[in-house]
Amino acid sequence: MHTVVNLWPLLGIAVVVAGFLLRANPVLVVIAACGVTGIAGGLPVMHLLESLGTAFVKTRNLPMILLLPLAAIGLLERAGLKEHAQASIAKIRSATTGRLLTVYLLVRELAAAFGLTSLGGHPNMVRPLVAPMAEAAAEARGVQLDEAMRQRIRAMSAATDNVGLFFGEDVFVAFGAIVLMQTILRAEGLEVDPLHMALWGIPTAVTAFLIHAWNLRRLDAHILKAAR
Amino acid sequence: MILALDDFYILVGLLFAATAIMNLCDRTNPRRFTTALFWGLYALLYLAGSRMPPAATGLLMIAMALVAGFGLVKGGKAHLPPEETRRAGAARLGHKLLVPALAIPVVTMIGSTLLKDVRIDATPLLDPKNLTLVSMGCASMIALALACWFTRATPLQGVREARRLIDAMSWAVVLPHMLAVLGLLFSEAGVGKAVAHITTSYIAMDSRLVACAAFCIGMALFTVVMGNGFAAFPVIAGGIGIPVLVGVYHANPAVMAAIGMFSAYCGTLMTPMAANFNIVPAALLELHDKNAVIKAQLPTALPLLLANIVLLYFLMYR
């Protein structure tokens, strides 16, 4: 039997890709893609507006993780939290940027694998603690960091948090992704034990740690080379 | 329940309202009226969004996007004490400064594990459907109280500092939210079905390696487009994973699912569409290049995707 699939909504994807390639403002790209997808998908304008509004109100929980800690973190920054974190890391002689971030990667990934996904995050850990410490670890060894290298270290700190979180959390049985996979496979008539899915995630989780730790070693070498 | 997610929506709404008012009164902000309009609209959507007609909230969202998209959202001049003062503060307060920062994850964990089933007069203390977020809300309030106590600052100063950080991130704050809306619209308009139709009609799956590669790369690519592995998984598992890998090659579904989801996560590391992981941190860390975090992640994501194809190929019969 041949069913006709409407391919026009793919125009929405084309708008997103073109927008990001042309470096247009991402918010404008998203709103344009919403319009194009809705019209190409055959939604009437009023229905499209209602879909957008309902979806926006329903997803208000998303920015909360970012917004809730800001007041406390801002106050601590004002009182010298970054400076304290930097002074503390400078006292550890063997600390380098790469080693520090590797330890953070390990802790973040293991904690996430035990379901402790909130032990980290960009607003409450990376900005006030991890990134300043990663910069200070290089400076404590007498390396002069230029602005480009500082930016690169900070970006790597954020990347390390993401890699640790993503490849740790999926090894935890009660994580949403496992539940989602089980539900979808069940709908297709496949009964799969969540524990097996969690266990079969471990080879990738270990590989992710090794690859990222190797990249962090390369970052250390790069910092030393740039300093010479 | 005694503490629900809606209570924290009100709190965040008030924070945005304060951001709007502070920007409106701030003559150092070159775009203070439009900036106040932007944060004011966001405040309104948090405070009253669930009581407004959906079409009206849709219009407000578009208005916010247009104000932000045409560069009309700016920040005021940040007021941080000079570095010497902050160094002196760090020397005086020492490790005490770490206590409120670490209280956020610790209290969140306590709330979402130990306080999960606590009830007062048969009413749950914390909203069971949004346990982690509500716990994190409580944790943030406790951290704010501790920070005020240690640094002898007022909660109002805390709001001012939050505004400074929100100003620094600017419209990036709202990008993950708008992308989530686009994701929901994509599934409503049938984008997933169209992609599955194309991948399954145009790729020949008659070799096991090609099928494994198509599955993993399909997961990653579709996640790059949608910004979310959870959106990609049903489409690609339904299009390639179940009919081809399990149906034709008799793969173990647990291996297929686990490695498939991790391939999707490789995609998450590579896309600006996953804004809360990739674009917001760039804004939060004040990076000039908003794609800097993605560029830092590519040397991990691409080899890992390759490793996933190999792992799937060799482990699928286990």
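Parameters and conventions
- Residues numbered from 1 in each chain as written.
- Chains lettered and ligands numbered in written order.
- Predicted model: local features only at pLDDT ≥ 70, side-chain atom pairs only at ≥ 80, totals over all residues.
- Helix = DSSP H or I, 4+ residues; strand = E, 2+ residues; numbered from the N terminus.
- Buried ≥ 20, exposed ≤ 12 C-beta atoms within 10 Å, placed from the backbone.
- Contact = placed C-beta atoms within 7 Å.
- Domains from an automatic or database assignment.
- Nonpolar A, V, L, I, M, F, W, Y, C, P; charged D, E, K, R; others polar.
- Axes fitted to C-alpha atoms, helices over the stretch in contact; angles between N-to-C directions.
- Parallel < 35°, antiparallel > 145°, perpendicular 65-115°, else oblique.
- Left-handed = near helix turned anticlockwise from the far one by under 90°.

S.K.: Is there a simple way to explain the overall build of chain B in this structure?
M.R.: Each helix and strand counted, chain B has 14 helices and two strands in total. Along the first, second and third principal axes, the C-alpha set of chain B runs to 70 × 50 × 45 Å. The burial tally for chain B puts 53% of its 318 residues in the buried class. Sequence-distant contacts, at least 24 apart, represent 72% of the contacts inside chain B between residues at least 6 apart.

S.K.: Looking at this model, I keep getting lost on the domain arrangement of chain A. Mind explaining?
M.R.: One widely used convention gives an interface's size as the accessible area the parts lose upon coming together. Domain assignment breaks chain A into domain 1 (10-58) and domain 2 (64-227). Taking only C-alpha atoms into account, the centre of domain 1 of chain A sits 32 Å from that of domain 2 of chain A.

S.K.: I keep staring at the interface of chain A and chain B and nothing clicks. Help me out?
M.R.: Listed per partner, the contact involves 98 residues of chain A and 118 residues of chain B. Residues of the side of chain A that touches chain B, tallied by class, amount to 64 nonpolar, 25 polar and nine charged.

S.K.: I keep staring at the packing of helix 6 (residues 81-90) of chain A against helix 8 (residues 122-140) of chain A and nothing clicks. Help me out?
M.R.: Residues and elements named next belong to chain A. Two elements in contact, helix 6 and helix 8, have axes whose closest approach is 8 Å; the angle formed by their N-to-C orientations is 45°. In terms of axis orientation, helix 6 runs oblique to helix 8. In the packing of helix 6 onto helix 8, the handedness of the crossing is right-handed. Along the contact surface, helix 6 presents L81, K82, A85, Q86, I89 and A90, while helix 8 presents P128, L129, P132, M133, A136, A137 and A140.

S.K.: Explanation requested: helix 6 of chain A in the structure shown.
M.R.: One turn of an α-helix holds 3.6 residues; hence residues three or four places apart share an orientation. Most of helix 6 of chain A is tucked away, with seven of its ten residues classed as buried. Turning to helix 6 of chain A, its buried residues number three or more, namely L81, K82, E83, H84, A85, Q86 and I89 of chain A. Tucked inside the fold, the buried residues of helix 6 of chain A contact helix 5 (70-78), helix 7 (97-113) and helix 8 of chain A together with helix 4 (83-93) and helix 5 (98-113) of chain B.

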